[in-house]
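Given next are the chains, with one letter for each unit.
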Amino acid sequence: MKIYEENNAVVLEGVENFDPKHIFECGQCFRWHRQENGSYTGVAMGKILNVLREDDKVYLNNTNLEEFNNIWFNYFNLGVNYTDIKDTLKKMDEYLDKATDFGWGIRILEQDGWEMLISFIISSNNRIPMIQKAIENLSRNFGDFIGEYEGKDYYSFPTPEQLNKATQEEIRACQTGFRDKYIKSTTEAVVSNNDDVRKYTGLDTNTCIKELTKFNGVGPKVADCIALFGMRKYDTFPVDVWVKRVMQEFYVAEDMSLPKIRTYAIDKFGDLSGFAQQYLFYYARELGIGR
DNA sequence: GTCCAGGACAACA
DNA sequence: TGTTGTCCTGGA
């Protein structure tokens, strides 16, 4: 891969296993929006970025090499060899063989743990467009204005201290629904205990999930998502309705419970469970499998 | 107006 | 220890 800077952009030439649509629409993130030219614009790590792929070139627009090295290289998980991961998964069975071809450009983003904690609390019993709207509202009302890009204003996700200034009513006014009390209580817990959830990356997977489940509004599925997408715990397997459908379609009996599906998958996919989950989720959701 | 999609939690057996 | 009703919102 050749990496160079030109015109306020960083170009990744010959980058493998990288497709914006696959990355931003596999259920792991909520702040990226598709533009008319097929690129995606979003806010992450307090920066506005636009991502466009043209053949074997990926353009990271509105950034420079310094930011790329400090932020985006890790954010896009570029140190991980997805060719190896897919090869291992492909050998496991025909479904993963198909799913890894279908979502060939998926990468698991290294997102901020605190943002994932609140985002996935909002995700519970909620649909993606509504989750996106609530997170945007929270950011506009309680985060920092970062700047304008192509005629739109962008705001950073609020810090624990910023969000803690919001009342439960103000949180609900951001269209969080009944999850307002979960967000309020979790934010209060983080601030009052001076709890840096980013440090949870250093815990082992089971401890990490157990700690996350202590927060109000965080159950098994939400904890798995936070651990996988915000804390680099790749050996876990969040089971949402789509993953349940695809697992029942291809692997397990119709009446298997969610925790048992999870255990089954982790036994089978091991250290690559989180990656398998992403390929299967994207495959199931795009094709409407099991509906 | 009615139904449905989406997990956590409290109350219950 | 597992099961059931409730929570909120927008789109069909």
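Residues numbered from 1 in each chain as written. Chains lettered and ligands numbered in written order. Predicted model: local features only at pLDDT ≥ 70, side-chain atom pairs only at ≥ 80, totals over all residues. Heavy atoms only, no water.

- If you check an unreviewed UniProt entry, chain A appears there as DNA-(apurinic or apyrimidinic site) lyase from Romboutsia weinsteinii.
- In the Catalytic activity (unreviewed entry) part of its UniProt record, chain A is described as follows: "2'-deoxyribonucleotide-(2'-deoxyribose 5'-phosphate)-2'-deoxyribonucleotide-DNA = a 3'-end 2'-deoxyribonucleotide-(2,3-dehydro-2,3-deoxyribose 5'-phosphate)-DNA + a 5'-end 5'-phospho-2'-deoxyribonucleoside-DNA + H(+)".
- If you open the UniProt record of chain A and go to Sequence similarities (unreviewed entry), you find "Belongs to the type-1 OGG1 family." (UniProt positions renumbered as here; feature names shortened; annotations may be inferred.)

## A look at the protein's contact with DNA strand C
Okay, so step 1: Around DNA strand C sit N125, R127, M130, R172, Q175, G177 and F178, and that is every residue in its neighbourhood.
Okay, so step 2: The protein-proximal atoms of DNA strand C, defined as those within 4 Å of the protein, are 76% sugar or phosphate.
Okay, so step 3: Contacts to DNA strand C include R127, whose side-chain N or O atom sits 3.1 Å from a base nitrogen.
Okay, so step 4: Considering only residue class, the surface near DNA strand C consists of 2 nonpolar, 3 polar and 2 charged. (Near = heavy atom within 4 Å. Polar contact = N/O pair within 3.5 Å; in protein donor to acceptor, adjacent residues only side chain to side chain. Nonpolar A, V, L, I, M, F, W, Y, C, P; charged D, E, K, R; others polar.)

## Brief notes about the sheet that holds strand β6 (residues 57-61)
Okay, so step 1: With antiparallel pairing, the 6 strands of this open sheet are ordered in space as β1-β2-β6-β5-β4-β3. Both edges of this open sheet fall to β1 (2-6) and β3 (32-34), since each of them pairs with a single strand only. Within this sheet the neighbouring strands show an average axis-to-axis angle of 20°, counted without direction. (Pairing = 2+ DSSP bridges. Helix = DSSP H or I, 4+ residues; strand = E, 2+ residues; numbered from the N terminus. Axes fitted to C-alpha atoms, helices over the stretch in contact; angles between N-to-C directions.)

## Let's talk about the nonpolar core
One recurring pattern in soluble globular proteins: nonpolar side chains tend to sit buried together.
Okay, so step 1: Of all hydrophobic cores here, the largest spans 65 residues; its most connected members are L117, L212, V218, I226, M247, F275 and L280.
Okay, so step 2: Considering every element that reaches this core, the biggest residue donor is helix α14 (residues 273-287), with 8 residues.
Okay, so step 3: Structurally, this core is a two-domain feature, drawing no fewer than three residues from each of domain 2 (80-96 + 234-291) and domain 3 (113-230).
Okay, so step 4: Of all hydrophobic cores here, the second largest spans 21 residues; its members include F18, I23, L49 and F68. (Core = buried A, V, L, I, M, F, W, Y, C linked by side-chain atoms within 4.5 Å. Buried < 20%, exposed > 50% of the residue type's maximum accessible area, 1.4 Å probe, protein only. Domains from an automatic or database assignment.)

## Quick notes on the environment of N194
Okay, so step 1: When you line up the elements, N194 lands in the loop between α9 (180-192) and α10 (205-213).
Okay, so step 2: Classification of N194 by relative accessible area gives exposed; the value is 68%.
Okay, so step 3: Taking the C-alpha atoms as reference points, N194 and I118, separated by 76 residues in sequence, lie 16 Å from one another.

## Description of the pattern of salt bridges
Okay, so step 1: Evaluated as defined, the whole model comprises 14 salt bridges.
Okay, so step 2: Of the charged contacts in the structure, one is a salt bridge between E286 and K21, with a shortest N-O distance of 3.4 Å. With E286 in helix α14 and K21 in helix α1 (residues 20-24), this residue pair connects regions lying 265 residues apart in the sequence.
Okay, so step 3: Overall, E286 belongs to the partly exposed group, its relative accessible area being 32%.
Okay, so step 4: K47 is the salt-bridge partner of E67, the closest N and O atoms lying 3.5 Å from each other. Of this pair, E67 sits in helix α2 (residues 65-75) while K47 sits in strand β5 (residues 47-54), placing them 20 residues apart in sequence.
Okay, so step 5: K47 sits in the partly exposed class, given a relative accessible area of 30%.
Okay, so step 6: A single salt-bridge network, built from bridges that share partners, covers K21, E25 and E286. (Salt bridge = Lys/Arg side-chain N within 4 Å of Asp/Glu carboxyl O.)

## Points about the UniProt feature "domain: HhH-GPD" (unreviewed entry) in chain A
Okay, so step 1: Sites flagged by UniProt as "domain: HhH-GPD" (unreviewed entry) map to residues 122-285.
Okay, so step 2: Taken end to end, residues 122-285 comprises 60% helix and 5% strand; its first and last C-alpha atoms sit 20 Å apart.

## Remarks on the protein's contact with DNA strand B
Okay, so step 1: Looking at DNA strand B, there are 18 residues lining it, with N125, G217, V222, V241 and R245 nearest.
Okay, so step 2: Within the backbone of V218, an N or O atom sits 3.5 Å from a phosphate oxygen of DNA strand B.
Okay, so step 3: Within the backbone of V241, one N or O atom sits 3.4 Å away from a phosphate oxygen of DNA strand B.
Okay, so step 4: Breaking the surface near DNA strand B down by element, the ones donating at least two residues are α11 (220-230) and α12 (241-250).
Okay, so step 5: A per-class count over the surface near DNA strand B returns 8 nonpolar, 6 polar and 4 charged.

## Some thoughts on the packing of α12 against helix α13 (residues 258-269)
A pair of packed helices can be characterised by two numbers: the angle between their axes and the separation between those axes.
Okay, so step 1: One way to put it is that α12 packs onto α13 with a least axis distance of 11 Å and a crossing angle of 65°. In this view, α12 runs roughly perpendicular relative to α13, as classed from their interaxial angle. Where α12 crosses over α13, the two elements pack in a sense that is left-handed. From α12, K244, M247 and Q248 reach across to α13, where they touch L258, I261, Y264 and A265. (Parallel < 35°, antiparallel > 145°, perpendicular 65-115°, else oblique. Left-handed = near helix turned anticlockwise from the far one by under 90°. Contact = heavy atoms within 4.5 Å.)

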